[in-house]
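Below are the chains, spelled out letter by letter.
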Amino acid sequence: MQIAKGIEERILKNGSTVYRVRFRLSPSANPTTETFTDLADAIAFRELIKKVGGAAARKIRDASDSSVAIVTLGEALEAYCAHVDTYAAKGTAKGYKSAAYNTWLAFFTESMPIIALSRSDIEKWVAWQREQVVKKSNPPRLYSSKSIKNAQGILSSVLSYAVANKQVSENVARGVKIPSDRVARQPVFLSPEQFESLAREMPERYRAFVTLLYATGMRFGEASALNAEAFDLAASPPTVRVFRAWKKGARQRRYIGSPKSRKAIRTISLPAGIVSLIEPLVIEAQRSGGLVFHSGGGADRRLVESNFLEAFKRAVQRAGLPSATTPHDLRHSHASELIKNGVPLPVIQDRLGHESIQTTVDRYGHISRDSWLSAADVIGEALKLGGVVR
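Since the structure is predicted, the reported quantities are computational estimates derived from the model, not experimental observations.

Peer 1: When you look at the pairing of strand 4 (residues 31-36) in this model, what are you seeing that I'm missing?
Peer 2: Side chains on a regular strand alternate between the two faces of the sheet. Where strand 3 (residues 17-24) and strand 4 come together, 6 bridges link them in antiparallel fashion. Residue Phe23 lies in a different strand from strand 4, and its bridge partner there is Thr32. The antiparallel pairing of strand 3 with strand 4 creates a hairpin that spans 6 residues between the two strands.

Structure below.
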């Protein structure tokens, strides 16, 4: 006897009553049923089918004794982002949402219950994501391993937050391996002579800026946020203090906030030779109360990255440098020159503002191998002098 839409009551031979929910695993599949001993559970299961579909509802029932209070991926993401908004920089949560909707939510959909996710599901998503083209990319390009890893990190954080809230028992996304078989872009290391050629080709309004990038290894967003207060050009040696950086807020709007990590807040010594180049700009910023490096028309106007990039590309071409050279390569070149001249990696870590020494080793450790032969020669000579080897 049907007692509600999609629910049939049956009395068994032993006299007990059961409730069968009739549904389809997919719109084109043949009807099937699930049996419950409690009417409330049958009704809850029917409502769950409406919310997530028959296949997912059955999977949830297989994974859990209860079909009540099921949290979906979309709901879990919203809850996690609300949590992130309590402590992270403005725009961070919005960026997480955008990344999620472009990656794993495009595969699983918002209505996917988190309790129905398995590790194999996450691995299937990774395989699918590797074949997807990045939206609005010109020319078209597939998602990089780094982008997929970042998206997987967001999903893992969402599920960890759900575990903490006792909405799911396990974070199935944690530790899922991301393939890294695509060729990564190799940094371009500019020698001092190559950098001088580049600087000569840059428009005068950008010359001091690129010189500071090469001389300090600062990130673009850090250097373009500097004010007069950051500089102590009378110190010995002169210094610049990094304590601000441009950040992305809602609707991609930029604002000045703290740098990306605790270690990124740092003081960097400056070569005395660049003081005369920077000092007039610092004095101007003191008078205006604005930025040392700006786009003109007011010292509070942010240096527009797109305009700078166009000028940089033209200078690279005119200087005869590798076409792949980017402004971030000035940071790589800074580290390269320090390593070649024997500066220890921990010092370079502090100078670049890396949170972990492992980051410094991973990115620049291979450069120091160039000095292995000379190091071996030095110790070899010492052993000869000591009579240990002949």
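Resuming the write-up.
Peer 1: When you look at the packing of helix 9 (residues 204-216) against helix 12 (residues 305-318) in this model, what are you seeing that I'm missing?
Peer 2: Relative orientation and spacing of two packed helices are given, respectively, by the angle between their axes and the distance between those axes. For the pair helix 9 and helix 12, interaxial distance at closest approach is 11 Å and the crossing angle is 90 degrees. On the basis of their axis angle, the class for helix 9 and helix 12 is roughly perpendicular. The segment helix 9 lies against helix 12, with Tyr206, Phe209 and Val210 engaging Asn307, Phe308 and Ala311.

Peer 1: Would you mind going over the nonpolar core with me for this structure?
Peer 2: Here is a general trend for soluble globular proteins: nonpolar side chains tend to be buried in one another's company. If you look at the biggest cluster of nonpolar residues, it comprises 47 residues, and the most contacted ones within it are Leu73, Trp104 and Ile122. Within the residue set of this core, elements represented by two or more residues are strand 3, helix 1 (39-52), helix 2 (54-63), helix 3 (73-84), helix 4 (92-102), helix 5 (104-108), helix 6 (119-129) and helix 7 (145-164). The element best represented in this core is helix 7, accounting for 7 residues. What Leu73 contacts, discounting residues up to four positions off in sequence, is Trp104, Leu105, Phe108, Thr109, Glu110, Met112, Ile114, Leu117 and Leu155.

Peer 1: Would you mind showing me how to read empty space enclosed by the protein here?
Peer 2: Any space left empty among the atoms is revealed by the rolling of a water-sized probe across them. One pass over the full model with this rule turns up 1 cavity of 30 Å³ or more. If you add up the space inside the largest cavity, you get close to 30 Å³. In this structure, the largest cavity is lined by Ala225, Leu226, Asn227, Ala230, Arg241, Val242, Phe243 and Arg244. Across the lining of the largest cavity, the residue classes tally to 5 nonpolar, 1 polar and 2 charged.

Parameters and conventions
Residues numbered from 1 in each chain as written. Predicted model: local features only at pLDDT ≥ 70, side-chain atom pairs only at ≥ 80, totals over all residues. Heavy atoms only, no water. Pairing = 2+ DSSP bridges. Helix = DSSP H or I, 4+ residues; strand = E, 2+ residues; numbered from the N terminus. Axes fitted to C-alpha atoms, helices over the stretch in contact; angles between N-to-C directions. Parallel < 35°, antiparallel > 145°, perpendicular 65-115°, else oblique. Contact = heavy atoms within 4.5 Å. Core = buried A, V, L, I, M, F, W, Y, C linked by side-chain atoms within 4.5 Å. Buried < 20%, exposed > 50% of the residue type's maximum accessible area, 1.4 Å probe, protein only. 1 Å grid on protein atoms, 1.4 Å probe; cavity = no way out; pocket = protein on both sides within 12 Å on 5 of 7 lines; lining within 4 Å. Points joined across faces, edges and corners; volume = space filled by probe spheres on them. Nonpolar A, V, L, I, M, F, W, Y, C, P; charged D, E, K, R; others polar.

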